[in-house]
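Given next are the chains, with one letter for each unit.
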Amino acid sequence: MKKKIAVLFPGIGYTCDKPLLYYTGKLAVARGYKLVKVEYGNFPSGIKENKEKMEEAFRCGLEQAEKILQDICWEEYEDILFVSKSIGTVISSAFARRHQLSAKNILFTPLQQTFLFADGNGIVFHGTADPWADTKDITEGCKKLNLPLILTDEGNHSLETGDTLKDLENLQQIIGLLFNSLDTLQTKPLPPIRHICDFSRGVLNVRLCARIQHLLRDHKYALLGAMASVLWLEKMN
């Protein structure tokens, strides 16, 4: 059995016990990954829209990540998964590049700076109402790297809308998508999402959509396995 390791890189206020990281971490453990959490802290305050403080926070987080992960022998692992959130997406991408790691990436609510270091390995989740990152910038960054982008309509920097039931449904969709695709994530870009089946309108709606997929709204889904009925990935011929 090949050795697998998953590392959680949280955000500044979005810690490893928050829903996106907590459930993705549990999913990774269930799939046989050794789970490591990068619990950094002591970030400067008021970093939003402050370039100098953002860079300071990045350096601070990367330095702490280096210390926390210094004893890991990456060569022992055949499967490396980085799960990151917000500024953690910048830190994880920079760490992978610095150490020349071929890692799969799950990037939750990345910042524009993430794309300075990110490669084309993995998948991106972004909310269209995220005050920390402009949707246009994130979309362009993903297109340049050929990264699949999953958009949550009206989602903020936590991919939440303020509507509790809708947020729970969106979380089910996200974890469901990862549940069905975690083992097939490659250290190269995923095949484009080519077809969307929307059963919420009572019809089979198939259309081309490049690599950008919106979470469907106003529809009930079963936990985890639901996305198998709603989305499928098809390789380009």
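Note that this is a predicted model, so its numbers are computed, not measured.

Novice: Help me out: how do you make sense of helix 3 (residues 87–98) in this one?
Specialist: For the α-helix, the turn length of 3.6 residues means that residues three or four positions removed from each other point alike. Helix length check: helix 3, at twelve residues, gives a terminal C-alpha distance of 17 Å against a target of 16 Å (1.5 Å per residue), a fit within 8%. For helix 3, a buried count of ten out of twelve residues is recorded, marking the element as mostly surrounded by other parts of the structure. Among the residues of helix 3, Ile-87, Gly-88, Thr-89, Val-90, Ile-91, Ser-92, Ser-93, Ala-94, Phe-95 and Ala-96 are the ones counted as buried. Residues of helix 3 that are buried in the fold lie against strand 1 (4–9), helix 2 (51–68), strand 3 (79–85) and strand 4 (104–108). Downstream of helix 3 by one or two residues, Gln-100 has phi in the positive range, about 55°.

Novice: Explain the pattern of salt bridges to me, please; I cannot follow it from the model alone.
Specialist: Here the idea is simple: oppositely charged side chains can pair when their charged atoms come close. Under the criterion given, the structure shown has six salt bridges. Its salt-bridge partner being Lys-2, residue Asp-79 comes within 3.8 Å of it at the nearest N-O pair. Residue Asp-79 is located in strand 3, and its partner Lys-2 is located in the segment before strand 1; the two are separated by 77 residues in the primary sequence. Residue classification places Lys-2 among the partly exposed positions, given a relative accessible area of 42%.

Novice: Before we go on, may I ask you to explain the packing of aromatic side chains in this structure?
Specialist: Aromatic ring pairs are reported here in terms of the distance separating the ring centres and the angle at which the planes meet. Taken as a whole, this structure holds nine aromatic pairs when the rule is applied. When the centroid spacing of 6.4 Å and the interplanar angle of 50° are considered together, the rings of Phe-9 and Phe-95 count as tilted. Highlighted residues: Phe-9 in strand 1 and Phe-95 in helix 3, separated in sequence by 86 residues. Taking relative accessible area as the criterion, Phe-9 reaches 0% and is therefore assigned buried. Joined through ring pairs, the aromatic side chains of Phe-9, Trp-74, Phe-82 and Phe-95 make up one cluster. Positioned over the ring face of Phe-179 is Arg-31, at 5.0 Å from the centre of the ring. When the ring centre of Tyr-14 is taken as reference, the NZ or CZ atom of Lys-85 above it lies at 4.7 Å.

Calculation rules
Residues numbered from 1 in each chain as written. Predicted model: local features only at pLDDT ≥ 70, side-chain atom pairs only at ≥ 80, totals over all residues. Heavy atoms only, no water. Helix = DSSP H or I, 4+ residues; strand = E, 2+ residues; numbered from the N terminus. Expected span 1.5 Å × (residues − 1). Buried < 20%, exposed > 50% of the residue type's maximum accessible area, 1.4 Å probe, protein only. Contact = heavy atoms within 4.5 Å. Salt bridge = Lys/Arg side-chain N within 4 Å of Asp/Glu carboxyl O. Phe/Tyr/Trp six-rings, centres within 6.5 Å; stacked < 30°, edge-to-face > 60°. Lys NZ or Arg CZ within 6 Å of the ring centre and 35° of its normal.

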